[in-house]
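What follows is the residue order along each chain.
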Amino acid sequence: MSTTAGRLLALLGLLQSRAEWTGPELAARLDVTDRTVRNDVARLRELGYPVDGVRGPGGRYRLGVGGKLPPLVLDDEEAVAIAVGLRSASAVAGIEESSARALGKLEYVLPDRLRRQVAALRSATSAGPANTNSNVEDPAVDPALLTELAAAIRDHQGLRCWYREEPREVEPVRLVAWQRRWYLVGRDVGSGRWQPFRVDWLELRTPGGRRFVPTEPPFDLTEFVVREVARTGWAVHARIVVHAPAEEVLARINPAVGTVEPRDDATSVLVTGGDSIETVAVWIGMLGLDFTVREPQGLVDHLAALSRRYAAAVRDDLTGSGWSSTSNG
């Protein structure tokens, strides 16, 4: 490493160590002249480090925004992808705070243009309960589209789009990530109804819609998406009679599973669904409560097959592996 390069690293370390330095202080620490300090500051700026200076007797210097790390070179899609990943990780138990801190640091070192895009996505996004179904292929969503939607939410800009091949005009208010899908919550201008729109089914049109004055929805946005998708967006729907009061069922379920309707003092109805019969069977099996399923027929057949498989797994005469129910190990 050359003397100049080593001195630049030392100068950068000093600037990071405290908020502000005078020129003579830096010169004394580095054992150089004030002029050398000025030249080295100019070199750091050429390398992309935002060193702020105040002219005057002795001069003063401080490291500006974006100077904690070397300039981070990301294209738009990479910046959005990192922000999406960190935003999703903030809903994972145990790393919520560290993910949020990392996202904040990312925004701090990004150039202003990318920082605004990531900040818009961050402020426009919510996350619903996590999905545990790993057998379903994730729909592809263009990061550039997420960026445009987040900017429209931030700027209160209406959208004109094709949604499932139908023309729509939407006033967007929030992006919600749930079950590995993205939903745009907005008010349909034509009908005046609030609706979650699956982003992978949405295609923006040019020019966009009119600017609008945002209206606060009369409901929690994430819960709204979960409820509406449970009603219309699952491939498999089921109404299951649970032999327990609604309060007990509600205390046991994840909000991602569905909704509970009271029936009488001893039973209730769980309205649930998923992307596959197997997923629904897993969810209701984890309730730990007795239940009755009469439809859909595919779910009835799958549960019957599972019951036979589980019963066979614990029969005393299945000892081919060397284990039995009476073995002492």
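Below is a short write-up of the structure. (Residues numbered from 1 in each chain as written. Predicted model: local features only at pLDDT ≥ 70, side-chain atom pairs only at ≥ 80, totals over all residues. Heavy atoms only, no water.)

With their axes 10 Å apart at the nearest point, helix 10 (residues 277-285) and helix 11 (residues 297-313) run at an angle of 60° to one another. Here helix 11 runs oblique to helix 10, going by the angle between their axes. Our pair here, helix 10 against helix 11, has a crossing hand that is right-handed. Here helix 10 contributes I277, E278, V280, A281 and I284 to the contact with helix 11, which in turn contributes G298, L299, H302, L303 and L306. For the contact of helix 10 with helix 11, the class distribution of residues is seven nonpolar, two polar and one charged. (Axes fitted to C-alpha atoms, helices over the stretch in contact; angles between N-to-C directions. Helix = DSSP H or I, 4+ residues; strand = E, 2+ residues; numbered from the N terminus. Parallel < 35°, antiparallel > 145°, perpendicular 65-115°, else oblique. Left-handed = near helix turned anticlockwise from the far one by under 90°. Contact = heavy atoms within 4.5 Å. Nonpolar A, V, L, I, M, F, W, Y, C, P; charged D, E, K, R; others polar.)

As a further point, take the pairing of strand 6 (residues 166-178). Consecutive side chains along a regular strand alternate between the two faces of the sheet. Judged from the five bridges that link them, strand 5 (residues 159-163) and strand 6 form a sheet pairing that is antiparallel. Bridging from a neighbouring strand, L159 pairs with V170 of strand 6. Between strand 5 and strand 6, which pair antiparallel one after the other, the connecting turn spans two residues, and R164 there sits at a positive phi close to 55°. Inspection of the sheet shows strand 6 paired to strand 7 (residues 181-188) by eight bridges, in the antiparallel sense. Bridging from a neighbouring strand, V176 pairs with Y183 of strand 7. (Pairing = 2+ DSSP bridges.)

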